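Secondary and tertiary structure notes
As a plain string of letters, each chain reads:
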Amino acid sequence: TQKAQKHMENQNLGMTPPPLDCDLATVDISMPLLADGIYDFNIVKAELKPTSTPGGQMIHLDLVTIDPTTARTGAPLGAGVHVFNNVNVVPTGKATWDMIKQNVGALVQAAQFEAGVARLDNVSPWAPMLVGKVVRAKIVYKPAGVSKAGKSFKEANEVAYFTKKV
């Protein structure tokens with residue numbers, strides 16, 4: 001009908017047609033990198049996982065920006081940029097219990113947990129409760145390189161620290 005056609009025209013205003021004829025072999029598949037700064041994130045995934053060091057454990061986080069952001073290149077990015085982060089909950093390597101306490105404590109306080117809910121001796125019950133929490137974090141650029149173990153990694157964003165919203 002004419003009414004349905006008019007509705008479809010209105011729906012398509014300002015929309016870019018799908019790029020069906022693009023060459024997928026040449027598409028930029030890199031993750032967008034945020035400019036260094038402080039951002040608010042929604043935690044969409046929080047899993048307790050073993051680290052590569054025997055006996056180590058970490059909380060693996062998938063953080064998603066809430067507000068429109070800016071890329072390292074200066075280009076505008078919408079909301080929804082993912083940053084992945086691992087928070088060790090057991091000391092390995094050079095990490096001490098005091099360092100673990102501070103790092104995990106910063107995450108728990110940024111997520112605004114009530115006192116008595118999160119402790120280092122009961123991580124598995126509260127780690128999944130991070131999902132859906134909004135946290136503030138300082139993001140920095142980490143250039144591509146090779147780890148001490150000889151494993152190559154791509155450039156990425158890294159959480160420098162979590163902080164309480166004031």
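Our structure is the block above this text.
Residues numbered from 1 in each chain as written. Predicted model: local features only at pLDDT ≥ 70, side-chain atom pairs only at ≥ 80, totals over all residues. Heavy atoms only, no water.

The sheet contact formed by strand 1 (residues 37-50) and strand 6 (residues 134-142) spans six bridges and is antiparallel. The partner of D40 across the bridge, within strand 6, is R136. Examined bridge by bridge, strand 6 and strand 9 (residues 156-163) share seven bridges and lie antiparallel to one another. For I139, the partnering residue across the bridge sits in strand 9 and is V159. (Pairing = 2+ DSSP bridges. Helix = DSSP H or I, 4+ residues; strand = E, 2+ residues; numbered from the N terminus.)

Attention now moves to a nonpolar patch on the surface. Side chains of L24, V27 and I29 sit close together on the surface and give an oily, nonpolar patch of about 350 Å² of accessible area. Here I29 is to be found in the loop between helix 1 (2-12) and strand 1. (Patch = residues over 30% accessible without salt bridge, like charges linked within 9 Å, V, L, I, M, F, W, Y side chains within 5 Å. Areas by Shrake-Rupley, 256 points an atom, 1.4 Å probe, with all protein chains shown as cover. Salt bridge = Lys/Arg side-chain N within 4 Å of Asp/Glu carboxyl O.)

Strand order in the open sheet made by the five strands is 5-2-1-6-9, with antiparallel pairing throughout. For this open sheet the edge positions go to strand 5 (82-88) and strand 9, each flanked by a neighbour on one side alone. Between one strand axis and the next, the sheet turns by 45° as a mean value, whatever way the strands run. (Axes fitted to C-alpha atoms, helices over the stretch in contact; angles between N-to-C directions.)

Take F84: it is sitting in strand 5. For the pair F84 and H60, spaced 24 residues apart in sequence, the C-alpha separation works out to 7.4 Å. Leaving out residues up to four positions away in the same chain, F84 has contacts with M31, H60, L61 and D62. (Contact = heavy atoms within 4.5 Å.)

A separate point is the packing of aromatic side chains. Tallying each qualifying case throughout the model produces two aromatic pairs. Relative to W126, the ring of F113 has its centre 5.8 Å away and its plane inclined at 75°; by these criteria the two rings are edge-to-face. On the criterion of sequence distance, the pair formed by F113 in the loop between helix 2 (97-110) and helix 3 (123-126) and W126 in helix 3 is long-range, its members being 13 residues apart. For the pair F113 and W126, a shared accessibility class is recorded, and that class is buried. One Lys or Arg, R72, reaches over the ring of Y141 and ends 3.4 Å from the middle of that ring. Over the aromatic face of F113 sits the side chain of K133, whose NZ or CZ is 5.0 Å from the ring centroid. (Phe/Tyr/Trp six-rings, centres within 6.5 Å; stacked < 30°, edge-to-face > 60°. Buried < 20%, exposed > 50% of the residue type's maximum accessible area, 1.4 Å probe, protein only. Lys NZ or Arg CZ within 6 Å of the ring centre and 35° of its normal.)

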